Amino acid sequence: MPEINETQNAYLVALQQSFQSDWEVADSLAELADLARDAGLNVVETIVQRRSHPEPGTFIGRGKALEIAEMLDDSSIVIFDDELTPAQQGTLSDLMDAPVLDRTQLILDIFAQRARSNEGKIQVELAQLSYLLPRLTGMGKALSRLGGGIGTRGPGETKLETDRRRIRRRISDLRRELEKIKQTRGLQRQHRSSTEVPVVALVGYTNAGKSTLLQALTGSEVFVADQLFATLDPTIRRWDLTEGRWVYLTDTVGFIRKLPHTLVAAFQATLEEVVYADLLLHVIDASHPQSREQKEAVEEVLKEIGAAQPIIAVYNKVDLVDHPLEVRPPDQAVSAKTGYNLDRLTAAVYEFFAQQYSVREYFFPFSELGQASILRAHATILGEEFTDQGVAIKAEVDARLESLLQPFQK
Ligand SMILES: Nc1nc2c(ncn2[C@@H]2O[C@H](COP(=O)(O)OP(=O)(O)OP(=O)(O)O)[C@@H](O)[C@H]2O)c(=O)[nH]1
Ligand SMILES: [Mg+2]
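Computed from a prediction, not measured in an experiment: that's the story for all the values here.

Calculation notes
Residues numbered from 1 in each chain as written. Chains lettered and ligands numbered in written order. Predicted model: local features only at pLDDT ≥ 70, side-chain atom pairs only at ≥ 80, totals over all residues. Heavy atoms only, no water. Helix = DSSP H or I, 4+ residues; strand = E, 2+ residues; numbered from the N terminus. Buried < 20%, exposed > 50% of the residue type's maximum accessible area, 1.4 Å probe, protein only. Expected span 1.5 Å × (residues − 1). Pairing = 2+ DSSP bridges. Right-handed = clockwise from strand over helix to strand, strands pointing away. Axes fitted to C-alpha atoms, helices over the stretch in contact; angles between N-to-C directions. Contact = heavy atoms within 4.5 Å. Left-handed = near helix turned anticlockwise from the far one by under 90°. Nonpolar A, V, L, I, M, F, W, Y, C, P; charged D, E, K, R; others polar.

J.: Please set out the side chain of serine 76 residue by residue, giving values where relevant.
T.: If you trace the backbone, serine 76 turns up in strand β3 (residues 76-80). Accessibility expressed as a relative area gives 1% for serine 76, which makes it buried.

J.: Give me the lowdown on helix α12 (residues 342-354), citing residues and values where you can.
T.: In a regular helix each residue adds 1.5 Å, so 13 residues correspond to 18 Å; α12 covers 18 Å between its end C-alpha atoms and thus fits that length. The complete set of buried residues in α12 reads Leu342, Leu345, Thr346, Ala348, Val349, Tyr350, Phe352, Phe353 and Ala354.

J.: Any details on unusual backbone geometry? Residues and values, ideally.
T.: The peptide bond linking proline 329 to proline 330 adopts the cis configuration, its omega dihedral lying at 10°. Looking at the secondary structure, you find proline 330 in the loop between β9 (311-316) and β10 (332-333). Phi is positive for phenylalanine 59, close to 65°, though the residue is something other than glycine. Take phenylalanine 59: it is sitting in the loop between β2 (42-50) and α2 (62-71). Accessibility expressed as a relative area gives 7% for phenylalanine 59, which makes it buried. One non-glycine residue, asparagine 207, adopts positive backbone phi at about 75°. Along the chain, asparagine 207 falls in the loop between β5 (199-204) and α8 (210-218).

J.: Residue-level account of the pairing of β3, with values.
T.: In regular strands, side chains alternate between the two faces of the sheet. Summarising burial for β3: five of the five residues are buried, a large majority. Where burial is concerned, the two faces of β3 agree: the one with Ser76, Val78 and Phe80 and the one with Ile77 and Ile79 are both buried. Direction of pairing for β3 relative to strand β4 (residues 100-102): parallel, over a ladder of three bridges. Of the residues in β4, the one forming a bridge with valine 78 is valine 100. One crossover worth recording links β3 to the parallel β4 by way of helix α3 (residues 86-96), and it is right-handed.

J.: Tell me what's going on with the sheet that holds strand β11 (residues 357-365), and back it up with residues and numbers.
T.: Spatially, the three strands line up as an open sheet ordered β11-β13-β12, and their pairing is antiparallel. Strands at the two margins of the open sheet, each flanked by one partner only, are β11 and β12 (380-386). In this sheet, neighbouring strand axes are inclined to one another by 15° on average, regardless of whether the strands run parallel or antiparallel. Pairing geometry for β11 and strand β13 (residues 390-398), over nine bridges, is antiparallel. Its bridge partner lying in β13, glutamate 361 is registered against lysine 394. Packed onto the sheet, helix α13 (residues 369-378) meets β11, β12 and β13 and runs at close to 35° relative to β13.

J.: Tell me about the packing of helix α1 (residues 22-38) against helix α4 (residues 103-114), and name the residues and values.
T.: Axis angle and axis distance: for two packed helices, these are the angle between their axes and the distance between the axes, and together they describe the pair. Viewed as axis vectors pointing N to C, α1 and α4 meet at an angle of 35°, and their least axial separation amounts to 10 Å. For α1 against α4, the interelement crossing comes out left-handed. Residues Ser28, Glu31, Leu32, Leu35, Ala36 and Asp38 of α1 pack against Arg103, Leu106, Ile107, Ile110, Gln113 and Arg114 of α4. Residues that form the contact of α1 with α4 fall into these classes: six nonpolar, two polar and four charged.

J.: Can you explain the sheet that holds β9? Please cite residues and give values.
T.: Strand order across the open sheet formed by six strands is β6-β7-β5-β8-β9-β10, with mixed pairing between neighbours. Edge positions in the sheet fall to β6 (235-242) and β10, since each of these pairs with one other strand and no more. Looking at chain direction, β6 and strand β7 (residues 245-251) are connected through seven bridges and run antiparallel. Across the sheet, the residue bridging to arginine 237 is leucine 249, located in β7.

Set out below in structure tokens:
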């Protein structure tokens, strides 16, 4: 499979089928160009061919492929905006005498460049190998001619000539490792839920400002960058909503249109943070010309991974928007950068959980002071009084804490 190196000139190719509008194809290509630049490529040309349906052997028409071939030189790489079959990829690469890859491979390459944690690396390698496996046949010629491959960058150190058995074995090893990580994560999650602290997850299109928002809300340093998929690993931080009332806030990997299925499957462990959260904040880049399409793409992925929690939409980057934005509560229009309306967002999240709070009175004998400290850590304390038997506490508790401390209720 072709290798990306940073001095290459990229030619981007899309097919416009009869059911696709001009802008739909143009948007998708513009995003592909962003992805290519993020991978370090120099984008020189975008090419659209209109056809009623893809050509089975070559995806675009054979004539068009030859026409593109004329533009290329040794430093060229051709990237298709849709997933190619292994056979199409092989044929196109032969026809054009240049490396050919598709959107999925480009995204996988960026993920490989970004993966930092052990878990992230395993997930990327798993996605790469799962993508590669069905492609080994039919690519023989293109492979041996080009050598190297996407999988040679970062974690995916697998020689493409090695036989499928080895790749299968590696895939099952990686799955096993991920399973272990998943169990640890499950334990951490269990620990979190046993402490009765709700979890709020930031989700959204890549580059929408999730990490910036996490940083602004929790006051902790996290990696923020004007690039796609800056965040791969979930980060979790404490977010104080009011005095005495706090939640966990977690950052997640950004979503994108045509998110490769191999990637969604491989990143399942990370995405579980989303599935198990109590509330989702869907961060939308309100300044982006395609913010509506991006929002829909995110909703699509959420459906796919089975996330069905309540969602508060957070329209971010309003400092870049020159018209007033109408949003209906609990949704919010904010700027993570300037801090605009972050207090309102915090209040909205507080309100969301407050609906589940009730005021209760407790008595803890001295032998049970440990239970009292659970209450102090996770509830808003309204009053506290020591007697010679123990301590009486009046507090605002959520449903989970209420049932946990039921035995101590007065
Ligand atoms: N003007 C402006 N820029 C913002 C705002 N929020 C985030 N940004 C910028 O948008 C870019 C992306 O921000 P990130 O926080 O990394 O976005 P993300 O959603 O975490 O992106 P990924 O991790 O790549 O999915 C950065 O350059 C931020 O500085 C905002 O409210 N206003
Ligand atoms: Mg991020």
